[in-house]
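# A structural walkthrough
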Amino acid sequence: SPQFFSLIQSGTKKTVDDLLKKYPDLTSRVMLDYRTAEKKQKLYALVITNKRSNRKKGKMMTISSIDARELATGELMMRFAEYLLQNFGKDPDVTWILNWTEIHIIPHANPDGRIYLEGGGQWTGWKKNRNPSCEVDGWRYGVDPNRNFPFKWGKCSDDDGSQRCSGSDDCESIVYRGRSAKSEQETKAIVQYAESLFPAEQRKGNLQQSEARFNAPFSASSEGVFIDIHSYGGLVGWPWGFKNQRSPNDDGLGALGRKMASFSGYKLWAPQMPNRKYGFDGSAIDTMYGWLGAASFFYELGTQFAQPCNTFPTIINEVFPALLYAAKVAKQPYTAPKGPDILCTTISTKRKSDGKYINVSISASDSSRTTHADDGGGVFSTGQQKVRLVEVFVNCHPFAASCKPAARKALPNGRRSATTTLEFKAPTGRSSYTMYIRAKDSGQFTGP
């Protein structure tokens, strides 16, 4: 109902204010440039990281609610922010993520559209922003911000009949792309902010140069993850949007996309895949990947634009593990997902004459999270290698140059999935330990 919707925009702002007060060492807010057309608002990013951890960090940026009617998306990201903050210092995964990664959350990427929707504007159907950019019937105006990003704007290709294109030059269309690329305040703000986050040195040049070289891959060492949260449909997608053609980094994007989908069973909306519904130009993911080099994805979560509250816990359980996985690989998004995943560990200790020993049983797999029904039940190319090495680090993260493994074991006869046991002497002077475990495959890719 409109009464329920009215809580969303103001409720998000209050949640952010409360988190900033409660977790000052882990949070900050960045106000973006450019005020929106109707309400003259500024977009903002909630930044979550351990401020006391002074090191070079990976960057993960998310946007949500860029389509105003998709109500669950902003709420999901606020719940994710709360989860991270409540579990820092308690959950080892969350703790190391925030020590080594910055999470940048833009919860409402289209605030004018959301406010109009909350006021009862066209019930639950309002999608666009509120820029009266052309003379049409009052409820028809506005621009779809997710058709206004600059990379390959207006260039959706359906010449070969392999896709239909979602994007229009008709101002009355709900997918109106605007008068020009990056004409909208929301789009300008988001792109400018992303430019400040993802390293300039990994780009292929300016926008025009990047468009001309769209078939050239980004370096495997490129950093950063971008995720655009939408609803609905139960899908994970990645570039290209403008063209039904796999990107030159599709092995890395495809590995990470499949691994994110593995936690939920979501289908894959990707080039040349059976569940690609249509093409689209002017999207956030094409710009963030095609120009800025960040590994970029979108989610279509849930089953409705106005998701029933009693089903929301299911969405959290489906999506949170994927967001955590993406955050783990933000420093190495094109290589780490190609490596094996640690699926299970069993840890025990025992005393010997010379002290306490730790025994760790480890199950690692290159293929488990890259096997997807959309591939006909087969294993994606990056999951076809053999597990060759497992390593255990104690009380230091392997990202730290000074961190050395406490134990490592080669598996010359390992398969795509392997279980092995390592035993090593426990460090002295501690009653508890934090262990980081990783594996390497026969393709020399080290997993997260």
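Above this note sits the structure.
Quick summary incoming for the structure in this document. Bear in mind that the values here come from a model prediction, so they are computed numbers and not experimental data. Within any chain, residue numbers begin from 1 and follow the written order of that chain's sequence. This being a predicted model, a pLDDT of at least 70 is required before a residue's local features are given, and a value of 80 or more before pairs of side-chain atoms are given or counted; all residues contribute to the totals for chains, interfaces and linings. To obtain the side-chain values, all non-hydrogen atoms of the structure were used and water was disregarded.

### Comments concerning the sheet that holds strand β1 (residues 27–35)
The pairing of strands in a sheet comes from backbone hydrogen bonds and takes either a parallel or an antiparallel form. Strands were regarded as paired on the criterion that DSSP finds at least two bridges between them. Each helix is a run of DSSP H or I of at least 4 residues and each strand a run of E of at least 2, with the numbering of both proceeding from the N terminus. The sheet built from eight strands is open, its strands ordered β1-β2-β4-β3-β5-β8-β6-β7 with mixed pairing. Two strands lie at the open edges of the sheet, namely β1 and β7 (267–269), each paired on one side alone. Sheet twist, expressed as the mean angle between neighbouring strand axes with direction ignored, is 20°. Sheet topology note: the strand β2 (residues 42–48)/strand β4 (residues 101–106) ladder contains three bridges and is antiparallel. Counted as the bridge partner of Val47 is His104 from β4. Contact between two residues is taken to exist if any of their heavy atoms lie within 4.5 Å; hydrogens are not considered. What counts as an axis is a line fitted to C-alpha atoms, over the stretch in contact for a helix, and the angles between N-to-C directions run from 0 to 180 degrees. The sheet contacts of helix α3 (residues 92–100) involve β2, β3 (58–64) and β4, and relative to β4 the element is tilted by about 90°. Lying over the sheet, helix α5 (residues 185–197) contacts β1, β2, β3 and β4, oriented at roughly 130° with respect to β1.

### Structural notes on the pattern of salt bridges
The term salt bridge refers to a pairing of a side-chain nitrogen on Lys or Arg with a carboxyl oxygen on Asp or Glu at a separation within 4 Å. One pass over the structure, following the stated rule, counts 18 salt bridges. We note a salt bridge from Arg130 to Glu38, for which the minimum N-O separation is 3.4 Å. In this pair, Arg130 is assigned in the loop between α4 (111–118) and α5 and Glu38 in the loop between β1 and β2, connecting sequence segments 92 residues apart. In this structure, Glu75 engages Arg79 in a salt bridge whose closest nitrogen and oxygen atoms are separated by 2.8 Å. Highlighted residues: Glu75 and Arg79, both in helix α2 (residues 71–87), separated by four residues, approximately one helical turn. Looking at Glu75, the relative accessible area reads 33%, which means it is partly exposed. Linked through salt bridges whose partners overlap, the residues forming this network are Asp67, Lys127 and Asp144. Note on classification: 1.4 Å probe, protein chains only; a residue is buried when its accessible area is under 20% of the maximum for its type, exposed when over 50%, partly exposed between these limits.

### Some words on the packing of α2 against α3
α3 packs onto α2 with a crossing angle of 100° between their chain directions and a minimal axis gap of 8 Å. In terms of axis orientation, α2 runs roughly perpendicular to α3. Here Tyr83, Leu84 and Asn87 of α2 come into contact with α3, specifically with Val94, Thr95 and Leu98. The nonpolar class holds Ala, Val, Leu, Ile, Met, Phe, Trp, Tyr, Cys and Pro. Asp, Glu, Lys and Arg form the charged class, and all remaining residues, Gly among them, are polar. Its residues assigned to classes, the contact of α2 with α3 comprises four nonpolar, two polar and no charged. Any angle that falls under 35 degrees is termed roughly parallel, while one over 145 is termed roughly antiparallel, one within 65 to 115 roughly perpendicular, and all others oblique.

### Quick look at the nonpolar core
By size, the foremost hydrophobic cluster in this structure holds 94 residues, and its most contacted members are Met61, Leu76, Ile103, Ile106 and Ile190. For this core, the element with the highest residue contribution is helix α9 (residues 312–328), accounting for eleven residues. Counting residues in hydrophobic clusters, the runner-up holds 16 residues, among them Ala364, Val387, Leu422 and Ile437. Throughout this description, the term nonpolar core refers to a set of buried Ala, Val, Leu, Ile, Met, Phe, Trp, Tyr and Cys residues connected via side-chain atoms within 4.5 Å.

### What to know about unusual backbone geometry
Only a minority of non-glycine residues have a phi that is not negative, and only a minority of peptide bonds are not trans. The omega angle of the peptide bond from Ser231 to Tyr232 is 15°, so this bond is cis rather than trans. For Tyr232, the location among the structural elements is in the loop between β5 (225–230) and β6 (235–237). Residue Trp240 is bonded to the preceding Pro239 through a cis peptide linkage, with omega at 5°. One non-glycine residue with positive phi stands out, namely Lys182, at about 55°. Tracing the backbone shows Lys182 in the loop between α4 and α5.

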